[in-house]
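# Summary of structural features
Chain by chain, the residues:
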Amino acid sequence: NNVTFCFPASASSLELIRGLGRKSHCSLIISQLDGFSMSRSLLLEVGLCLGPKLESLALPGSSVTEASLLALLPRLTSLRRLDLRALDSLFMSGAFLSREEHRQQVRSALSGLEELDLSDLRYLSDLTFNRLTGCTPRLRRLSLAGCHIAFEFDPYRGCPVGDVKDSSALLSLRNLRKLLTEQKSTLVALDLSRTSITPESLRTIAQVQDLVLEELCLHGCKELTDYSMEVLVKHQPSIQRLDVSACTELTSRSVEAVARGLKSMTHLSLSRNWRITEKGLADLLSLSSLRRLDLSECLHVSGTEMVKGLTGSCAARAQLEALSLKGCPYIRDLAVFSLTQLLGETLRELDLTSCVNMTDLSVHAIATYLQKLVVLRLGWCKEVTDRGLLGIVESTKCEPDQETLLTQNDLQQFKQQAGASLLALSRLQELDLSACPKLTDSSITQVVHYSDLRRLSLSMLPGISDASLASVAWHCRSLTSLALSHCPGISDRGVAQAAPYLLRLQHLYLSCCNNITDRSLFLLLQHCKRLQTLDVSRCKNISVTTVELLQSQLPFLENVHYRFIGGADPTLTL
């Protein structure tokens, strides 16, 4: 199996690495490496035990030295993916791979490398970029997201970037274009997110002769315009995955260009492009190849044109597997009802977070038509009630301010019906019901019964109690992530009932749960040995001493958030 092992640098990790030596191949994510002897020994052990078996290596949150990495890389002869994002310590001096003998050793090992991630490198320059990519001649995927790239003007020399060769201070468009030209036969994916790329610079990249991109990520490139998109789709019509989220100058003209020019599109993200309206969405949803669409925070989208695009024949409409309409305030029940009917056979992921005008009718439609869903997010849908989850939809609406309580007859009706409640979504692996304040134990204990559920968020539900926590733990024993922050009804009693069944739990969020005490932490220590993340911030009855004990006893616990515990006053911060 292609398994990735993720762990922080520590003395105990040495035994793990030696044990992995028995595997035929594996991938590693090692965090918190530094320049001290323990980290050097760890990297040396990786090279000795896993050298020709390692297929992927990532070093997030680390600060390794050039000597440590140069001792490791020549041993990684089967490496296909290398992630060096934010490793500024490696590039700060500008001397990385400056010696020819080192370059020859690394080139010999990394000649088959396919993916290189250089995101968020503050000190990447033409010289260091050329040395490293010269050792990786067959790249398929390259990420330079968040790097300081001079696309048109060199601020250090006060001249256009094309006038200076191989700068030691910055990475230039001229040099990037040179790499794309040299590796055009293999390179198919490029990530330039969060850079200052201009429309003219994008044209330069798109027009590299014989370059055929299949994936392009331009998230947060705020200078790009509709003209940029029209030029891009004209010169790179083979793009299948495109991310232009948070490119705030784009309008519906870009949507029309994409729908017209990228006939093989499978993944498209237009998130946070606030100028996009309904215009062009019907044509976009007529692309039969489209599988994933992200329209989150596109504030003017109501779903009307999407429905029109999906009403054609199956051969001439998108077969969406994932759809995000997060934060689209104009999405209402009618649109959800229509979309669920049209996408019932294909949709696996649906995000309706903060669709504040959605009601129980939408939940009923989801439960009825989308029974193959794997991911459902309904956080901050404040009009969703217990009745919606239970599938009890009233024929007449109450007065706006009138609250209706569930009766015993309602629960009996729920138990007798089939397919109308969220229980019908038996394949769910992720469910977000956070900040739906009208939900209570009445629905959570009856509906959240999913044997394959991995991630569940019930944060900010003032109406749930220990009964919900105990029920969830009993019925959802595959949980790896559970969020219960800001749930005042959760106490030690609930944790005591739940912990014995949460043996797979890795991430637990309990911030602002003031009925949680040190007793709960001892229960987690006893039962939840795989815990990696724990948030008990602002829990006034938890002590720092117990948190530190938990950190020392749980080997995988990396992230612990415990600000303002023990009744500390948050106003007394420095």
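Residues numbered from 1 in each chain as written. Predicted model: local features only at pLDDT ≥ 70, side-chain atom pairs only at ≥ 80, totals over all residues. Heavy atoms only, no water.

Scanning the protein from terminus to terminus reveals 21 helices and 24 strands. In terms of principal-axis extent, the alpha carbons of the protein reach across some 80 × 60 × 50 Å. Each of the 574 residues in the protein was classed as buried or not, and the buried ones make up 52%. When contacts within the protein are restricted to residue pairs at least 6 apart in sequence, those whose partners lie at least 24 apart make up 78%. Of the accessible surface of the protein, which amounts to about 24,900 Å², a share of 49% is contributed by carbon and sulfur atoms. (Helix = DSSP H or I, 4+ residues; strand = E, 2+ residues; numbered from the N terminus. Buried < 20%, exposed > 50% of the residue type's maximum accessible area, 1.4 Å probe, protein only. Contact = heavy atoms within 4.5 Å. Areas by Shrake-Rupley, 256 points an atom, 1.4 Å probe, with all protein chains shown as cover.)

What follows is about the pairing of strand S3 (residues 54-58). With four of five residues buried, S3 lies mostly within the body of the structure. One ladder, built from four bridges, connects strand S2 (residues 26-31) with S3; its direction is parallel. Bridge pairing in S3 links Leu 28 to Leu 57. Following the backbone out of S2, through helix H2 (residues 37-50) and into the adjacent parallel S3, one traces a crossover that is right-handed. Pairing of S3 with strand S4 (residues 81-83), which is carried by three bridges, proceeds in the parallel orientation. Bridged to Ser 56 within S4 is Arg 81. Between the parallel elements S3 and S4, the chain passes through helix H3 (residues 66-72) in a crossover that is right-handed. (Pairing = 2+ DSSP bridges. Right-handed = clockwise from strand over helix to strand, strands pointing away.)

Below, the discussion takes up the UniProt feature "domain: F-box/LRR-repeat protein 15-like leucin rich repeat" (unreviewed entry) in the protein. Following the UniProt record, one finds the feature "domain: F-box/LRR-repeat protein 15-like leucin rich repeat" (unreviewed entry) at residues 113-303 and 421-553. In residues 421-553, the share of helix is 33% and the share of strand is 11%. The end C-alpha atoms are 42 Å apart. (UniProt positions renumbered as here; feature names shortened; annotations may be inferred.)

Time to look at the environment of Leu 347. Looking at the element boundaries, Leu 347 is found in the loop between helix H13 (333-343) and strand S17 (349-351). Residues Leu 347 and Val 212, spaced 135 residues apart in sequence, show a C-alpha to C-alpha distance of 30 Å. Residues contacting Leu 347, with those up to four places away along its chain left out, are Leu 320, Glu 321, Ala 322, Leu 323, Leu 370, Lys 372 and Leu 373.

Attention shifts here to the pattern of salt bridges. For the structure shown, the criterion picks out 24 salt bridges. Note that Glu 15 and Arg 18 form a salt bridge whose closest N and O atoms lie 2.7 Å from each other. Taken together, the positions of Glu 15 and Arg 18, both in helix H1 (residues 13-20) and three residues apart, correspond to about one turn of that helix. With relative accessibility at 54%, the residue Glu 15 sits in the exposed group. The exposure class of Arg 18 is partly exposed, given its relative accessible area of 37%. The closest approach of N and O atoms between Glu 430 and Arg 377, which form a salt bridge, is 2.8 Å. Of the two residues, Glu 430 sits in strand S19 (residues 430-432) while Arg 377 sits in strand S18 (residues 375-377), which places them 53 residues apart along the sequence. In this structure Arg 377 comes out as partly exposed when scored by relative accessible area, which is 24%. Each of Arg 81, Asp 83, Arg 85, Glu 115, Asp 117, Arg 141 and Glu 215 takes part in one network of salt bridges that share partners. (Salt bridge = Lys/Arg side-chain N within 4 Å of Asp/Glu carboxyl O.)

This part is about the nonpolar core. Membership of the largest hydrophobic core comes to 170 residues, with the highest contact counts inside it found for Leu 142, Leu 144 and Leu 284. If near-sequence neighbours (up to four positions away) are discounted, Leu 142 is found in contact with Leu 116, Leu 118, Phe 129, Leu 176, Leu 179, Leu 187, Ala 189, Leu 190 and Asp 191. (Core = buried A, V, L, I, M, F, W, Y, C linked by side-chain atoms within 4.5 Å.)

Here the focus is the side chain of Ser 459. Mapped onto the elements of the fold, Ser 459 is located in the loop between strand S20 (455-457) and helix H18 (466-475). In terms of polar contacts, Ser 459 uses its side chain to reach the backbone amide nitrogen of Ser 485, at 3.2 Å. In contact with Ser 459, not counting residues within four places along its chain, are Ser 434, Ala 435, Ala 483, Leu 484, Ser 485 and Cys 487. (Polar contact = N/O pair within 3.5 Å; in protein donor to acceptor, adjacent residues only side chain to side chain.)

Glancing now at the pairing of S2. Here S2 lies mainly inside the structure; five of its six residues are buried. Pairing between strand S1 (residues 4-8) and S2: five bridges, direction parallel. Among the inter-strand pairings, Cys 6 is bridged to a residue of S2, identified as Ile 29.

This next bit is on the environment of Leu 423. Secondary-structure assignment places Leu 423 in the loop between helix H16 (408-416) and S19. When the C-alpha atoms of Leu 423 and Glu 66 are compared, they prove to be 54 Å apart, with 357 residues separating the residues in sequence.

Considering every residue of the protein, the mean pLDDT works out to 91; 92% of them sit at 70 or more. Considering only residues more than four positions removed or in separate chains, one finds that residues 395-404, a stretch of pLDDT under 50, has four contacts. (pLDDT = per-residue confidence, 0-100.)

This next bit is on helix H8 (residues 199-206). Along H8, the residues that are buried comprise Ser 201, Leu 202, Ile 205 and Ala 206. Relative to the axis of H8, the buried residues are bounded by an arc of 135° and lie together on one face. The inward-facing, buried residues of H8 abut helix H7 (173-182), strand S11 (189-191), strand S12 (215-217) and helix H9 (226-235). (Arc of directions from axis to C-beta.)

The final tally for this structure, using the stated rule, is three aromatic pairs. A centroid spacing of 5.4 Å and a plane angle of 70° characterise the contact between Phe 91 and Phe 96, whose relative ring orientation is edge-to-face. In terms of burial, Phe 91 and Phe 96 fall into one category: buried. Seen in terms of ring centroids, Phe 337 and Tyr 369 are 5.8 Å apart; in terms of plane orientation they differ by 85°. Their pairing is edge-to-face. Here Phe 337, found in helix H13, pairs with Tyr 369, found in helix H14 (residues 360-369); they are 32 residues apart in sequence, far enough to count as distant. Overall, the relative accessible area of 36% leaves Phe 337 in the partly exposed class. (Phe/Tyr/Trp six-rings, centres within 6.5 Å; stacked < 30°, edge-to-face > 60°.)

On to the packing of H1 against H2. The contact between H1 and H2 brings their axes to 9 Å, and the two run at 10°. With respect to H2, the axis of H1 lies roughly parallel. Residue-level inspection shows Ser 13, Leu 14, Ile 17, Arg 18 and Leu 20 of H1 in contact with H2, the latter providing Ser 41, Leu 42, Glu 45, Val 46, Cys 49 and Leu 50. Tallied by class, the residues present in the contact of H1 with H2 amount to seven nonpolar, two polar and two charged. (Axes fitted to C-alpha atoms, helices over the stretch in contact; angles between N-to-C directions. Parallel < 35°, antiparallel > 145°, perpendicular 65-115°, else oblique. Nonpolar A, V, L, I, M, F, W, Y, C, P; charged D, E, K, R; others polar.)

On to the packing of H7 against H8, then. Two numbers describe how H7 lies on H8: the axes approach to 10 Å, and their chain directions differ by 20°. Overall, the two elements H7 and H8 adopt an arrangement that is roughly parallel. Every pair of crossing elements has a handedness; the one defined by H7 and H8 is right-handed. Every residue of H8 that contacts H7 at Leu 173, Leu 176, Arg 177 and Leu 180 is listed here: Ser 201, Thr 204 and Ile 205. Of the residues belonging to the contact of H7 with H8, the class tally is four nonpolar, two polar and one charged. (Left-handed = near helix turned anticlockwise from the far one by under 90°.)

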